[in-house]
Amino acid sequence: MRRTFKLTALVCLMVATILLTTSCDEILSNLPFDNGTITSEEVTTSGEITTSEETTTPEETTTPEETTTPEETTTPEETTTPEETTTPEETTTPEETTTPEETTTPEETITPEETTTPEGDTGTTAPDNPITPPGVVWQDVDKFVYTISEVNLYQEADSNSTVLADIAKVTELHCTKQSTSWYYVEYDGKQGYVLKAAVTEINITGSDFEDIAGGSKIMHANANTINVRPYPTSADFSAVVGAYKLNDEVTVVATNGVWYRVKFIDRNGVEQLYYVHSSCLSETKVIDPNDDSIHKDKFSAVNGTPTMYVSGVESVYFRKAPNTSSDGILALKKGDSIKVLKTGTVDGKEWAYVVVELLPNAPGEPTTYLVGYVLFDYLSYVKEDTTLEDLLETYPTFTRIDEKTMYVLRESAITIRSTPVFPEDGQENHLSVLQSGITPDTIQPLKVLATGEVDGVQWFIVEYTEKVDEIEKTIRGFVGGKALDYLTSDPDGIRTLTLEDVIAQYPQFIAVSPKTVIVTSFANCYVTPDVTDAVVKTLEAGTEVALVAEEQGDFATWCVVMDCDGCYYFIGKQFFN
């Protein structure tokens, strides 16, 4: 009898356990969750909805604490003790099954720290809807949102809940609350939820547009390609439906100050109302930046077709027309070579009309030649960074010398050339023109690196620093022929005499063995033995110079000295020890 009673009690205990477990599972499965997922029906009606935040966020699904925690399902304490399996409070009373204290304690499941709600959701309240998913933070708002596709209005913030209405594309909705994934909105007398991914806060209905006075006006596209869009936004859902070309006429019917509503004939030949950004249209036609015919008379041919190189920049555009708004044909890199056909000035800038040679990509392919325009400021007749060794290898008749500095004479100019050839020989090869002023601080210095003779003409290889747009670069080139007469070793830019010139011009002077003398006081230097002539230099007391010639006769008052720069001057004898 006792064995039968024990067996019966055991069976009853097992049945109660099964009933308790089933009841908990049913209660948990009936709890609403803001899981943010999109059903197959929702994807079909709103193809734009693809963001991961609104599909599978762990915070809004079914965390283990809310569904399968050991305390509520399988732990021995809750399945075998009679106190926890038969008391009504644990199985049937709403207080024990739906209150957060018994099923989803705030400390473990619905605190913001546990659900990772975004930091921006502040001022939170529960929406007016009677069913509020646990763990979802809501924010009070007062704004309008607009559907970007056909969407469902749900009874709960759950895409598996009852659909209250189907909302058409481009519908304005009044929003009063929002969470991470949902908007709580009003529509057609109903209140419910729409997925955030299915709407935008940009007014795409055009309700903020004002009609153009008179109904419409004609404007013109001001760029080569003007995009036409279905909504007044460049967001992804407002994909380009067509385009206008430069100077196309556009019929504008309304504007909100940022966008124009325009009449546009679509690909099917049907006139539709679409949108163009206001910056893309002008009241009048614009000049085509790629039309170079209007500048033809501003260019003239150069002597021959000299080779020039991109210099001073890492790259520069080779363009269809001589203006920086025209299309770039290709980007030329520093050191790339071109052939110059013409040069001209457009809008105050000097341009070169050039030929670019494109070598074949593979054997057997032809060489391609393109013509276009390059700003002359970025071209040079020599490659940038050309070394002295490069020049000596190219011109073996030149010999390196000990570097010395020479100067362009005052109020004179010389031409630096890329090759030791003059223009009359068929090549325009000037690098620059060095122009000296009338004061010592404007005298142009040059470093002479090598010398040589070409076809009976004496040349120097020189180096100088040129500043372009505050950027200094080193240029190496050639100076020769008559230009050498405009160089002097005098840093003040004064023409220097040779001792032979002095003796030939002034026979009263006789050369002597050079000896060092010291100036005893400030002494003026002249290029003639005449104190009424201009003073070209003043030596300070204590300056050492070399005495090289003396005036002869009873009234001799002059001598000739050579300073440390190798220049000869006339100075009075009384200034020496």
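Residues numbered from 1 in each chain as written. Predicted model: local features only at pLDDT ≥ 70, side-chain atom pairs only at ≥ 80, totals over all residues. Heavy atoms only, no water.

Q: Looking at this structure, I do not really get the nonpolar core. What am I missing?
A: One broad rule of soluble globular proteins: the nonpolar side chains tend to lie buried together. In terms of nonpolar packing, the biggest core is built from 31 residues, with Ile414, Ile416, Leu446, Val479 and Leu487 touching the most fellow members. Sequence-distant contacts of valine 479, defined by excluding residues within four places in its chain, comprise Ile414, Thr415, Ile416, Leu446, Gln458, Trp459, Phe460, Val462, Leu484 and Leu487. (Core = buried A, V, L, I, M, F, W, Y, C linked by side-chain atoms within 4.5 Å. Buried < 20%, exposed > 50% of the residue type's maximum accessible area, 1.4 Å probe, protein only. Contact = heavy atoms within 4.5 Å.)

Q: Just to check I follow, could you spell out the pairing of strand E34 (residues 544–551) for this structure?
A: Regular strands place their side chains on alternate faces of the sheet. Where burial is concerned, most of E34 is hidden: six out of the eight residues are buried. Across seven bridges, strand E31 (residues 509–518) lies against E34 in antiparallel orientation. Bridging from a neighbouring strand, isoleucine 518 pairs with glutamate 544 of E34. Where E34 meets strand E35 (residues 558–562), four bridges bridge the pair, whose relative direction is antiparallel. Paired with leucine 547 across the two strands is valine 561, which belongs to E35. Between the antiparallel neighbours E34 and E35 lie six residues, among them glycine 553 with a positive phi of about 120 degrees. (Helix = DSSP H or I, 4+ residues; strand = E, 2+ residues; numbered from the N terminus. Pairing = 2+ DSSP bridges.)

Q: Just checking my understanding: could you explain the sheet that holds E31 for this structure?
A: Sheets are built from strands paired through backbone hydrogen bonds, the pairs being either parallel or antiparallel. Strand order in this open sheet of four strands is E31-E34-E35-E36, and the pairing throughout is antiparallel. In this open sheet, the two strands that pair with only one neighbour each are E31 and strand E36 (568–572). Pairwise comparison of adjacent strand axes, ignoring direction, gives a mean angle of 35 degrees for this sheet. (Axes fitted to C-alpha atoms, helices over the stretch in contact; angles between N-to-C directions.)

Q: I'm lost on the pattern of salt bridges in this one. Help?
A: When charged atoms on two side chains of opposite charge get close, those side chains can pair. For the structure on display, the rule yields nine salt bridges. Among the salt bridges present, the one from lysine 320 reaches aspartate 327, with a minimum N-O distance of 3.9 Å. The exposure class assigned to lysine 320 is partly exposed, which follows from its relative accessible area of 43%. Relative accessible area serves as the criterion here: at 27%, aspartate 327 is assigned to the partly exposed category. Between glutamate 389 and arginine 400 there is a salt bridge; the shortest N-O distance is 2.9 Å. Taken together, the residues span a long stretch of sequence, with glutamate 389 in helix H10 (residues 388–394) and arginine 400 in strand E24 (residues 398–408) at a distance of eleven residues. With a relative accessible area of 44%, glutamate 389 lands in the partly exposed category. (Salt bridge = Lys/Arg side-chain N within 4 Å of Asp/Glu carboxyl O.)

All quantities given are derived from atomic positions and should not be read as evidence of function.
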